[in-house]
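# Structural overview
Single-letter residue listing:
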Amino acid sequence: HIDIVVSPEDDIGLRRVRITNDSPLRRTIEVTSYTEVVLASPAPDTLHPAFSKLFVQTEIIDPLQAILCTRRPRALDEHSPWLFHLLAVHEGESSGISYETDRAQFIGRGNTLVAPQAMTTMNDLSGSVGAVLDPIVAIRHRITLEPEASVTLDMVMGIANTREASL
(Lines give C-alpha, C1' and ligand atoms only; values in the text may rest on other atoms or scores of the structure.)
Protein backbone atom coordinates (compact mmCIF):
# COMPACT_ATOMS: atom_id res chain seq x y z
CA HIS A 1 0.00 0.00 0.00
CA ILE A 2 1.31 3.49 -0.82
CA ASP A 3 0.15 6.96 0.21
CA ILE A 4 1.51 10.03 -1.59
CA VAL A 5 1.36 13.44 0.06
CA VAL A 6 2.67 16.84 -0.96
CA SER A 7 3.08 19.12 2.04
CA PRO A 8 1.20 22.44 1.85
CA GLU A 9 3.67 23.96 4.36
CA ASP A 10 7.06 22.60 3.33
CA ASP A 11 8.68 21.93 -0.03
CA ILE A 12 8.54 18.15 0.32
CA GLY A 13 6.81 15.16 -1.16
CA LEU A 14 6.23 12.07 1.00
CA ARG A 15 5.58 8.55 -0.17
CA ARG A 16 4.59 6.23 2.68
CA VAL A 17 4.84 2.58 1.66
CA ARG A 18 3.44 -0.25 3.77
CA ILE A 19 4.62 -3.76 2.92
CA THR A 20 3.10 -6.87 4.48
CA ASN A 21 4.50 -10.39 4.31
CA ASP A 22 1.36 -12.48 3.67
CA SER A 23 3.36 -15.68 3.25
CA PRO A 24 4.01 -18.28 5.97
CA LEU A 25 7.76 -17.85 5.44
CA ARG A 26 10.26 -15.31 6.76
CA ARG A 27 11.28 -13.03 3.88
CA THR A 28 14.21 -10.68 3.36
CA ILE A 29 13.52 -7.93 0.85
CA GLU A 30 15.38 -4.91 -0.43
CA VAL A 31 13.61 -1.62 -1.01
CA THR A 32 15.51 0.83 -3.22
CA SER A 33 14.59 4.40 -4.09
CA TYR A 34 16.00 6.11 -7.19
CA THR A 35 15.74 9.52 -8.77
CA GLU A 36 17.94 11.60 -11.03
CA VAL A 37 19.16 15.02 -9.88
CA VAL A 38 19.00 18.18 -11.97
CA LEU A 39 18.87 21.27 -9.68
CA ALA A 40 18.72 23.62 -12.64
CA SER A 41 15.96 25.46 -14.44
CA PRO A 42 14.52 23.61 -17.44
CA ALA A 43 16.11 25.73 -20.19
CA PRO A 44 19.81 25.20 -19.28
CA ASP A 45 19.16 21.54 -18.45
CA THR A 46 17.45 20.94 -21.80
CA LEU A 47 20.20 22.70 -23.77
CA HIS A 48 23.19 21.13 -22.00
CA PRO A 49 22.11 18.36 -19.59
CA ALA A 50 25.57 16.79 -19.23
CA PHE A 51 27.21 20.16 -18.54
CA SER A 52 24.53 21.11 -16.03
CA LYS A 53 25.05 17.90 -14.05
CA LEU A 54 28.81 18.53 -13.71
CA PHE A 55 28.18 21.12 -10.99
CA VAL A 56 26.10 18.94 -8.65
CA GLN A 57 27.74 17.95 -5.35
CA THR A 58 26.33 15.04 -3.28
CA GLU A 59 26.66 14.21 0.41
CA ILE A 60 25.45 11.28 2.54
CA ILE A 61 24.10 12.05 6.03
CA ASP A 62 24.09 8.53 7.48
CA PRO A 63 22.59 9.35 10.94
CA LEU A 64 19.53 10.82 9.17
CA GLN A 65 19.45 8.10 6.48
CA ALA A 66 19.55 10.89 3.92
CA ILE A 67 21.36 12.27 0.88
CA LEU A 68 21.85 15.99 0.26
CA CYS A 69 22.65 17.57 -3.12
CA THR A 70 23.46 21.08 -4.23
CA ARG A 71 25.03 22.79 -7.22
CA ARG A 72 28.49 24.21 -6.78
CA PRO A 73 28.25 27.92 -7.59
CA ARG A 74 29.88 29.09 -10.81
CA ALA A 75 29.92 32.70 -9.58
CA LEU A 76 30.22 34.34 -6.14
CA ASP A 77 26.67 35.69 -6.27
CA GLU A 78 25.04 32.46 -7.46
CA HIS A 79 22.67 30.80 -4.97
CA SER A 80 21.81 27.11 -5.30
CA PRO A 81 19.02 25.20 -3.58
CA TRP A 82 19.60 22.01 -1.59
CA LEU A 83 17.79 18.81 -2.53
CA PHE A 84 17.30 16.20 0.17
CA HIS A 85 16.12 12.62 0.00
CA LEU A 86 15.61 10.16 2.81
CA LEU A 87 14.23 6.67 3.18
CA ALA A 88 13.24 5.85 6.76
CA VAL A 89 11.93 2.54 8.11
CA HIS A 90 9.16 2.55 10.73
CA GLU A 91 7.33 -0.36 12.36
CA GLY A 92 10.03 -2.71 11.20
CA GLU A 93 13.74 -3.15 11.26
CA SER A 94 16.30 -2.56 8.56
CA SER A 95 19.30 -4.89 8.69
CA GLY A 96 21.29 -2.78 6.26
CA ILE A 97 21.22 0.57 4.54
CA SER A 98 23.33 1.73 1.61
CA TYR A 99 23.47 4.78 -0.65
CA GLU A 100 24.35 5.72 -4.21
CA THR A 101 24.80 9.09 -5.89
CA ASP A 102 26.53 8.03 -9.14
CA ARG A 103 24.24 6.92 -11.96
CA ALA A 104 27.04 4.99 -13.71
CA GLN A 105 27.68 2.93 -10.56
CA PHE A 106 23.94 2.25 -10.15
CA ILE A 107 23.33 1.18 -13.76
CA GLY A 108 26.64 -0.61 -14.31
CA ARG A 109 28.62 -1.13 -17.48
CA GLY A 110 26.52 -2.42 -20.38
CA ASN A 111 23.24 -2.20 -18.45
CA THR A 112 20.25 0.14 -18.72
CA LEU A 113 17.65 1.54 -16.36
CA VAL A 114 15.39 -1.34 -17.42
CA ALA A 115 17.72 -3.77 -15.59
CA PRO A 116 20.40 -1.80 -13.70
CA GLN A 117 23.27 -3.63 -12.02
CA ALA A 118 22.15 -2.33 -8.61
CA MET A 119 18.86 -4.22 -8.92
CA THR A 120 20.26 -7.53 -10.17
CA THR A 121 22.67 -8.16 -7.30
CA MET A 122 22.18 -8.44 -3.54
CA ASN A 123 25.20 -6.19 -2.94
CA ASP A 124 25.08 -2.89 -1.08
CA LEU A 125 25.07 0.29 -3.12
CA SER A 126 28.57 1.77 -3.52
CA GLY A 127 28.17 4.88 -1.35
CA SER A 128 29.87 7.18 -3.84
CA VAL A 129 29.64 10.90 -3.00
CA GLY A 130 31.02 14.23 -4.07
CA ALA A 131 31.19 15.61 -7.58
CA VAL A 132 29.90 12.69 -9.65
CA LEU A 133 29.48 12.94 -13.43
CA ASP A 134 25.80 11.98 -13.52
CA PRO A 135 24.17 12.48 -10.10
CA ILE A 136 21.30 10.44 -8.67
CA VAL A 137 19.95 9.79 -5.21
CA ALA A 138 19.31 6.15 -4.34
CA ILE A 139 18.89 4.59 -0.91
CA ARG A 140 18.48 0.88 -0.20
CA HIS A 141 17.18 -0.82 2.94
CA ARG A 142 17.42 -4.57 3.48
CA ILE A 143 14.43 -5.63 5.58
CA THR A 144 13.52 -8.99 7.08
CA LEU A 145 9.82 -9.64 7.59
CA GLU A 146 8.42 -12.43 9.70
CA PRO A 147 5.22 -14.15 8.48
CA GLU A 148 2.23 -11.78 8.65
CA ALA A 149 4.53 -8.88 9.71
CA SER A 150 4.43 -5.42 8.16
CA VAL A 151 6.88 -2.60 7.68
CA THR A 152 6.28 1.07 6.91
CA LEU A 153 8.78 3.13 4.92
CA ASP A 154 8.78 6.89 4.35
CA MET A 155 10.42 8.17 1.17
CA VAL A 156 10.86 11.93 1.44
CA MET A 157 12.09 14.23 -1.32
CA GLY A 158 12.35 17.96 -0.83
CA ILE A 159 14.18 21.16 -1.51
CA ALA A 160 15.37 24.01 0.73
CA ASN A 161 17.35 27.22 0.40
CA THR A 162 20.18 26.17 2.74
CA ARG A 163 21.93 23.05 3.95
CA GLU A 164 20.73 23.74 7.50
CA ALA A 165 17.11 23.96 6.34
CA SER A 166 17.52 20.65 4.50
CA LEU A 167 18.86 18.94 7.59
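Residues numbered from 1 in each chain as written. Predicted model: local features only at pLDDT ≥ 70, side-chain atom pairs only at ≥ 80, totals over all residues. Heavy atoms only, no water.

Once that is clear, we can look at a nonpolar patch on the surface. Taken together, the side chains of Phe-51, Leu-54 and Leu-133 present a nonpolar region at the surface, about 310 Å² in accessible area. When you line up the elements, Leu-54 lands in the loop between helix 2 (49–53) and strand 5 (56–61). On the basis of relative accessibility, which here comes to 36%, the residue Leu-54 falls in the partly exposed class. (Patch = residues over 30% accessible without salt bridge, like charges linked within 9 Å, V, L, I, M, F, W, Y side chains within 5 Å. Areas by Shrake-Rupley, 256 points an atom, 1.4 Å probe, with all protein chains shown as cover. Salt bridge = Lys/Arg side-chain N within 4 Å of Asp/Glu carboxyl O. Helix = DSSP H or I, 4+ residues; strand = E, 2+ residues; numbered from the N terminus. Buried < 20%, exposed > 50% of the residue type's maximum accessible area, 1.4 Å probe, protein only.)

Core analysis: the biggest nonpolar cluster contains 18 residues, and Val-37, Cys-69, Ile-143 and Leu-153 have the highest contact counts within it. No other element matches strand 9 (residues 135–145), which puts four residues into this core. Setting aside chain neighbours within four positions, we find Cys-69 in contact with Val-37, Leu-39, Val-56, Gln-57, Thr-58, Pro-81, Trp-82, Leu-83 and Val-137. Grouped together as the second largest cluster of nonpolar side chains are seven residues, Leu-14, Ile-61, Phe-84 and Val-156 included. (Core = buried A, V, L, I, M, F, W, Y, C linked by side-chain atoms within 4.5 Å. Contact = heavy atoms within 4.5 Å.)

Along the chain, the position of Glu-59 falls in strand 5. The exposure class assigned to Glu-59 is partly exposed, which follows from its relative accessible area of 25%. Linking Glu-59 and Leu-14, residues 45 residues apart in sequence, is a C-alpha distance of 21 Å. A polar side-chain atom of Glu-59 sits 2.4 Å from a polar atom in the side chain of Arg-163. (Polar contact = N/O pair within 3.5 Å; in protein donor to acceptor, adjacent residues only side chain to side chain.)

Position of Ser-166 relative to the elements: it lies in helix 5 (residues 163–166). Relative accessible area serves as the criterion here: at 10%, Ser-166 is assigned to the buried category. Excluding its chain neighbours within four sequence positions, the residues that come into contact with Ser-166 are Leu-68, Trp-82, Phe-84 and Ala-160.

Attention now moves to the pattern of salt bridges. Two side chains with opposite charge may pair up if their charged atoms get near one another. Inspection of the entire model under this criterion finds eight salt bridges. Its salt-bridge partner being Arg-103, residue Glu-36 comes within 3.1 Å of it at the nearest N-O pair. Separated by 67 residues along the polypeptide, Glu-36 in strand 4 (residues 35–36) and Arg-103 in helix 3 (residues 103–107) bring together distant segments of the chain. Assessed through its relative accessible area of 35%, Glu-36 is described here as partly exposed. On the basis of relative accessible area, Arg-103 is assigned to the partly exposed category, the value being 23%. Each of the salt bridges in this network shares a partner with another, and the network as a whole consists of Glu-30, Asp-124, Arg-140 and Arg-142.

The subject of this paragraph is the packing of aromatic side chains. As enumerated under the stated definition, the model contains one aromatic pair in all. A ring pair is formed by Tyr-34 and Phe-106, whose centres lie 4.8 Å apart and whose planes are at 35°; its orientation type is tilted. Of this pair, Tyr-34 sits in the loop between strand 3 (27–32) and strand 4 while Phe-106 sits in helix 3, placing them 72 residues apart in sequence. For Tyr-34, a relative accessible area of 28% puts it in the partly exposed group. (Phe/Tyr/Trp six-rings, centres within 6.5 Å; stacked < 30°, edge-to-face > 60°.)

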